[in-house]
Every structure is written in C-alpha cells, then in structure tokens.
Amino acid sequence: MATVLYIKANAKPDHLSRTMRIANAFVEKYQELHPEDEIITLDLYKEKIGFLQEKQVLSHLEPPAPNSQDDPVLRYAYQFRDADKYIIAAPFWNLSFPAILKAYIDYVTVVGVTFRYTSQGAVGLLENKKAVYFVTRGGNYTTPPFNEYEMGERYLRTIFGFMGITDFTTFSADDMDRSATDVDAVVAQTIAKANQFAATF
Ligand SMILES: Cc1cc2nc3c(=O)[nH]c(=O)nc-3n(C[C@H](O)[C@H](O)[C@H](O)COP(=O)(O)O)c2cc1C
C-alpha cells in the first residue's frame, strides 16, 4: 500500500478551477486503479498555511528535536517525508504558482527530515518516491522567448529533486485564457492523457 499526498493550491473552489478539474479526475482514476493506496488530500488554503516565523528561521540549520512530530509547522514536513507519491495541483500565477505553495515548500524543506547536509553539500533524503504536477496556464510558455518566463514547473521540479524526488512528471494545459481555445476540449484531452498515466504512476 502506498501513501499518496494530494497537495492542492488554489483559492478558487474546485468546480471553477480547470487545474482542479484535471487533477481531481486523475485522483479519481488513480484511486480506481489503486484501491489499496491511501490518498491524503491537503488543501493548502483550508490548512491556512502561513509563512515561516522567527522560531523556524532561527533553527533552520538544525535538525528538529525527536519529539517534534506534533509541532504545528514540522508536522507538515513529517507528513511529506512519510508519503510515497505526491500529486500537486496548482494554477500558473504570475509566472509560477500561488505563493501559498511556496510557503508550504518552506514548511517541508527541513534539514534532517527531507534533506541533510554533507561535506559535499546538501543531499535529499526522499528516495524512491515520485511526483506528478498538474497546471493550467492562461498563456503559452512552451517556445522561446516565453519558455524562459515559466518558473513554476522548473522550480517545483528542482526543489523536489533537491529533496531526492527526481521522478517528476508534469501535465499542463496552456492557452486557457485565449479566446480561440476550446477550454473544455483541452481539459478533456489533458484528463485523457493523465488518466493513462494513472495506471503506471
Ligand atoms: C493571480 C493570477 C495570476 C495569473 N498569472 C498568469 C501568468 O503569469 N501567466 C499566464 O499565462 N496566466 C496567468 N493567470 C491565468 C491562469 O494561469 C489561468 O487562468 C489558469 O487556467 C487558472 O487555473 P484555474 O482555473 O485552475 O484557477 C493568472 C491567473 C491569476 C488568478
């Protein structure tokens, strides 16, 4: 049995979000194909994830104390560490993703829990895990020069890799705010592709 952490980052309700329509369809398909797995849904807005405060910042170079499992911030890092797979759903905002997802990453990137320092530098502690990221974008960032403007997928792939999660797949739907786009058709096509992937994820 695998534990799957479904991380949602959108202020919009699911039924109004293209990103969540795609990601929720994938999660439903995944659960149908892997009924033995446990999916934990973490809606970052409902969790009211905040920013790191003085306590966490002043101690960020030290591994947490052994009795810190119930700490209101560190518990997210332990939950993240204990998952086997990650599903991330976040729309494209201002060339990356909603700030609440960055705040969550600051919660879970914790020395001694998800990475450690060695004489050769930092090393991820999360091995043999995988992640899939769902995003929809108003415009299109697939070709130069605008591919350089895309800093959401690139950042997530890099920070997950930093923690050891190098198996990282992205499903994107682009041009969603262009009048020529048949949004429902693109959402349906992306769901179809993602659902195929659900069998092997
Ligand atoms: C706050 C905000 C910032 C956005 N910034 C961008 C952007 O930089 N580039 C872009 O192409 N689309 C941008 N968009 C458009 C969204 O990426 C697009 O509408 C997306 O499909 C929204 O996903 P959702 O329906 O899941 O919320 C932005 C939308 C919002 C609400």
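It should be noted that the structure appears before, not after, this text.
Residues numbered from 1 in each chain as written. Predicted model: local features only at pLDDT ≥ 70, side-chain atom pairs only at ≥ 80, totals over all residues. Heavy atoms only, no water.

Caption draft 1: Here's a closer look at the site of the ligand. Looking at the ligand, there are 18 residues lining it, with Ser-17, Thr-19, Phe-92, Thr-136 and Gly-139 nearest. Asn-10 is positioned such that a nitrogen or oxygen atom in its side chain is 3.0 Å from an oxygen atom of the ligand. A distance of 2.9 Å separates an oxygen atom of the ligand from a polar side-chain atom of Lys-12. Split by residue class, the shell around the ligand holds 7 nonpolar, 7 polar and 4 charged. (Near = heavy atom within 4 Å. Polar contact = N/O pair within 3.5 Å; in protein donor to acceptor, adjacent residues only side chain to side chain. Nonpolar A, V, L, I, M, F, W, Y, C, P; charged D, E, K, R; others polar.)

Caption draft 2: Here's a closer look at the environment of Val-73. Its location among the elements puts Val-73 in the loop between helix H3 (54-58) and helix H4 (74-82). With 59 residues separating them in the primary sequence, Val-73 and Val-132 have C-alpha atoms 24 Å apart. (Helix = DSSP H or I, 4+ residues; strand = E, 2+ residues; numbered from the N terminus.)

Caption draft 3: Local environment of the layout of surface pockets. Here the largest pocket defines a volume of roughly 490 Å³. The wall of the largest pocket is formed by 24 residues, among which Gln-56, Ser-59, His-60, Thr-109 and Val-110 lie closest to the centre. Sorting the residues of the lining of the largest pocket by element identifies H3, helix H5 (99-108), strand E4 (115-118) and helix H6 (153-162) as the ones contributing at least two each. In terms of residue class, the lining of the largest pocket is built from 15 nonpolar, 5 polar and 4 charged. (1 Å grid on protein atoms, 1.4 Å probe; cavity = no way out; pocket = protein on both sides within 12 Å on 5 of 7 lines; lining within 4 Å. Points joined across faces, edges and corners; volume = space filled by probe spheres on them.)

Caption draft 4: Focus on the pairing of strand E2 (residues 38-43). Relative to E2, strand E1 (residues 3-8) is paired through 6 bridges, and the arrangement is parallel. Residue Ile-7 lies in a different strand from E2, and its bridge partner there is Leu-42. The handedness of the E1 to E2 crossover, carried by helix H1 (residues 18-33), is right-handed. (Pairing = 2+ DSSP bridges. Right-handed = clockwise from strand over helix to strand, strands pointing away.)

Caption draft 5: Just the pattern of salt bridges, in detail. One pass over the structure, following the stated rule, counts 13 salt bridges. The closest approach of N and O atoms between Lys-8 and Asp-14, which form a salt bridge, is 2.7 Å. A residue is classified by how much of its surface remains accessible, and Asp-14, at 27% relative accessible area, is partly exposed. Residues Arg-178 and Asp-175 are paired through a salt bridge, measuring 2.3 Å at the closest nitrogen-oxygen approach. Of the residues examined, Arg-178 reaches a relative accessible area of 46% and is grouped as partly exposed. Overlapping salt bridges bring together Arg-137, Glu-150 and Asp-174 as one network. (Salt bridge = Lys/Arg side-chain N within 4 Å of Asp/Glu carboxyl O. Buried < 20%, exposed > 50% of the residue type's maximum accessible area, 1.4 Å probe, protein only.)

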